[in-house]
Structure formats: C-alpha cells, structure tokens
Amino acid sequence: MIPPTRLAVIGGGWAGIAAAVSACQQGAQVTLIEMAGQLGGRARSLATGETPPFAQLDNGQHILIGAYSQSLALMQALGVDLGQAFLRTPLRLRYPRHEGLQLPAGAPLTSFARGVLAYRNWPLLARLRLLAAAGGWLLRGFHCPPTWTVQGLTAGLPECVRQDLIEPLCVAALNTPAAQASAQTFLRVLHDALFSGPGSADLLLPRLPLSELLATPAQNWLQARKTDVRLSQRVQQLSRSGSGWLVDKEYFDQLILACSAVEAARLCADIQPAWAAQAAQLRYEPIITVYLHSPGSTLPAPMLALQEGPLAPAQFAFDLGQLGQQGERSGAFAFVISGAAAWVDKGLAATGEQVLAQALRELDWASPPRIQRVLAEKRATFACTPGLQRPPREIAPGLQAAGDYVQGPYPATLEGAVRAGMAAARQALKKPG
Ligand SMILES: Cc1cc2nc3c(=O)[nH]c(=O)nc-3n(C[C@H](O)[C@H](O)[C@H](O)COP(=O)(O)OP(=O)(O)OC[C@H]3O[C@@H](n4cnc5c(N)ncnc54)[C@H](O)[C@@H]3O)c2cc1C
C-alpha cells in the first residue's frame, strides 16, 4: 500500500484551514502549524476576559456576500448551520437618516435594475446613468484596462451615485479608497455578485463570533480525523530534502505556505528569491474597529452605511445586539474604518474620540455611548491597486503558497483565501500523469 502524502500547512488562517481540510478530505496525512495560540488568522475572535456584551470580540467586523460559494460550502462541510451563523439579506445600504439603495429579492441582475430604478433619493437621470454604465460594463465582459482606478472607471457617474454607492462598495470590498483601487478587481467582484446565481449579491452578516464560523469547527473536525494541529509554533526555516521539504528539520512530502506574505517571503528568500521579492513588495491597508457601548440603544438597522469625511472616519456601523443570537451582545456597536492609513497616523485614541463624536452626531442613543475598545489591524489587507503584480501560487515543486494575496481574481477576502487554500491542496495531491 502506498503511504499517504505527508503534507504540512504552515499558517492557520482561512486559507490554511481550507487547505488542511481539503487535503485531509483527499486522504493526505496533514500537519497544520500555526504561530498564534488559536486558528483563524485575520478573521478570529478574542476572549477579552470582560463581561457580556464584550466577553468575546472579533478582531474586526467581517461581511460575506452570497457569491462567496467556497467559504460557505466549507463551513457547511464542517457542520456550521449557515442559517444560524448569518443574517442574510438582499443588498441594502441603509444610512442613519434615510434608506439607501436596496435590492429586492430575486435574480441579481434584474433586482439590481429594479432596485436602482426604485431608489428615489437619486434623480431619475442619475439612476439611468448608473444603469447605462452598468450595461456598458456588462457589454465589455466586466473588463477594463488594468491601469484604471475605480475613480477613473466611475468618473462619468453623478456625484450622488459615486458617494452613496461606489465609494462604500469599493472600500468595503477592496479596503482601498476609490481613487487608488483597481477597477479591474472591483468589476470582478461586481460580476460575481451579479452573475453567480440567485442570492449572490446578498449580504451575510455574522451572527456568531468569527471563530465559531470556521476556526473552532475546523479544529474540531481536523482533530477528530487525527490531523496534527499545532498551535503557538512559529516555523523558522524551510529547506529542500530530496523530493520533499524540511520544516525546522521535520520532513514532509508537500508544503503549503498559508502564512502571511511577509512571512512567506522570509521563509522562501533563499529557496526562490524572485518569488520572495514579489511577495515582499505588497503594500497594505489598515482597518480600525471602534467598539462602543451604549446599553438600551439600537440602530435603525443591523448594518448602517455612514458618510465618511474629514471629521467622520467610520464608513459602516454594526449593531451587534441585533446580530447576536439571544440579545447577549445587546448594547454593543462596532464602527469600521476601512482604508484607514490616515487615521492610524492620527493615533488610535484620537480616532476613537472622532468616531464617538461621529456616532453622537449621526445617531440617536438611549444612553450615552462610550468607547469600549479601539482595535487596529495595520496589515488588514493588501492594497488592491491597479496593475498590482501578485505572486503566483506555485513557488517550487512541492511548495505552494496559499493566502488572500496570491494571484487570483479577488481582492483580499475570506473567499480569496479559501479558494487559494483549496487550489493549493488540489495541486499538492494531484496524481502524476
Ligand atoms: C479588520 C478586518 C476586516 C476584514 N473584513 C473583511 C470582510 O468584511 N470580508 C472579507 O471577505 N474579508 C475581510 N477581511 C480580510 C480577511 O480577513 C482576510 O482576507 C483573510 O482572513 C486572510 O486569510 P489568510 O489565511 O490568507 O491569511 P491570515 O489570516 O493572515 O493567516 C495567516 C496565518 O499564518 C500564521 N503565521 C504567520 N507566520 C507563521 C509562521 N512562520 N509559522 C506558523 N504560522 C504562521 C498567522 O499567525 C496567521 O494565522 C478583513 C480583514 C481584517 C483584518
């Protein structure tokens, strides 16, 4: 009998988890090595040691869309009940004082057209110009020159459409301001949201702490199948050994590097310098999350879009009480600043105060909100800019990269990470010939 392939996955974020589960399903003998004390990477929850509603905090609010088919399928395969795990609604951009664009349920393309036509906050001409622009994108197969920014792509649209729709969608999907964001990647996300079948443009807001969506079920699933899951172990060194690889002197037939691009570049610097240089040149955009506490308060909707400005850092607010299962997070609110480089420079304390002032100005509160926590992820996602050269998945025979940053159609997203992890596992275990 042929012994199973010994495969190591280095890094236990969503890409590494997807790779480990997929490799295990294909019969490999998998070792998953994670530097942190828990799986989940950039999409994890932290036990704070505080009392509810802040006993557990996500490192940042995450949103999925219906088109994230592989992430959703992976969660389901691990036994996660998607109906319980997410609040799923057709795309809706609700603002504090008025309803924003809202798509009715149904086939995404027709519901987009119906939603735009019905949105009377924009003059009719603005709605028609958006539909005409979308028709043009459709005719060109959602392709545009790779050097274009989202701002350039949408320059002909009325200001109200850019401000109320394009900019919030761009910063939410690409975590990069429209003036710097890749139009090609933006169009790809729009394409998948509108063309991946019914519900593909739906928003899925987590009702559970992030770790319960994937990291914890995956760890239980892997350990039940005798996968070696090692936490708090940072891989220091890789080297070739015959037809396989040594990971800190331990032999494996195949390796999947699912750690950050920075760490992957360090580990591969001598093995494949050109690949390492490409991974090392990526630039990053931060995300700041400001958690507010206001007992007894609720927002007009579980998720609100906010008008960003020089004195208004946050683009979205989430009412965690409305999202939680049994009111256990009631009174907790998350305000999110994507593309937050300028606010990181101003300092987290000052940014927290500015968000609090924005929240007081724009929303009604049953009790005075106060700042609970300000969390910053300085390398939340790579900056998704035009013409960006992302490193390929293959590094060397038997050595692959998996992560949201490897070449692929998506910006840095959970779905990009999961797809990369699964593709790497498939390739690693491909039968010769
Ligand atoms: C605040 C925030 C909000 C976000 N919002 C959204 C959103 O709304 N929707 C969306 O789709 N995406 C969102 N993202 C992006 C999403 O979280 C990432 O795209 C995804 O989690 C990346 O997963 P990954 O596995 O590629 O990388 P990571 O999660 O970074 O995983 C890499 C792992 O490797 C480990 N590691 C590194 N070096 C080593 C080593 N030497 N040895 C062992 N282990 C190592 C790290 O500890 C880490 O766990 C958000 C990200 C942040 C930070």
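As recorded in an unreviewed UniProt entry, the chain goes by Squalene-associated FAD-dependent desaturase and comes from Roseateles oligotrophus.

Time to look at the packing of aromatic side chains. For the coordinates displayed, the defined rule picks out 6 aromatic pairs. Relative to Trp122, the ring of Tyr119 lies with its centre 4.8 Å away and its plane at 80°, an arrangement referred to as edge-to-face. Of the two residues, Tyr119 and Trp122, neither departs from the other in class, the shared state being buried. Look at Phe142 and Phe195: their rings are 5.7 Å apart centre to centre, the planes differ by 75°, and that puts the pair in the edge-to-face class. Of this pair, Phe142 sits in the loop between α5 (124–139) and α6 (150–153) while Phe195 sits in helix α8 (residues 183–195); the two residues are 53 residues apart in sequence, bridging distant segments of the chain. On the accessibility criterion, Phe142 (6% relative accessible area) is buried. When the ring centre of Phe252 is taken as reference, the NZ or CZ atom of Arg6 above it lies at 4.6 Å. We note Arg379 situated over the ring of Tyr284; from NZ or CZ to the ring centre the distance is 5.6 Å.

Another point: the packing of helix α4 (residues 108–118) against α8. Their axes nearest at 7 Å, the elements α4 and α8 cross at an angle of 105°. It follows that α4 is roughly perpendicular to α8 by the angle criterion. Contacts between α4 and α8 involve Pro108, Leu109 and Phe112 from the former and Ala193, Leu194 and Phe195 from the latter. For the contact of α4 with α8, the class distribution of residues is 6 nonpolar, no polar and no charged.

Our next topic: the sheet that holds strand β12 (residues 254–257). If you trace the 6 strands from one edge of the open sheet to the other, you get β8-β2-β1-β12-β19-β18, paired in mixed fashion. At either end of the open sheet lies a strand with only one pairing partner, and these are β8 (228–230) and β18 (394–396). Adjacent strand axes in the sheet meet at a mean angle of 20° when their direction is disregarded. Looking at chain direction, β18 and strand β19 (residues 399–401) are connected through 2 bridges and run antiparallel. Each residue of the ladder has a partner; that of Ala396, found in β19, is Leu399. Each of β1 (6–10), β2 (29–33) and β12 touches helix α1 (residues 14–25); the most contacted strand, β2, lies at about 165° to it.

Calculation notes
Residues numbered from 1 in each chain as written. Predicted model: local features only at pLDDT ≥ 70, side-chain atom pairs only at ≥ 80, totals over all residues. Heavy atoms only, no water. Phe/Tyr/Trp six-rings, centres within 6.5 Å; stacked < 30°, edge-to-face > 60°. Buried < 20%, exposed > 50% of the residue type's maximum accessible area, 1.4 Å probe, protein only. Helix = DSSP H or I, 4+ residues; strand = E, 2+ residues; numbered from the N terminus. Lys NZ or Arg CZ within 6 Å of the ring centre and 35° of its normal. Axes fitted to C-alpha atoms, helices over the stretch in contact; angles between N-to-C directions. Parallel < 35°, antiparallel > 145°, perpendicular 65-115°, else oblique. Contact = heavy atoms within 4.5 Å. Nonpolar A, V, L, I, M, F, W, Y, C, P; charged D, E, K, R; others polar. Pairing = 2+ DSSP bridges.

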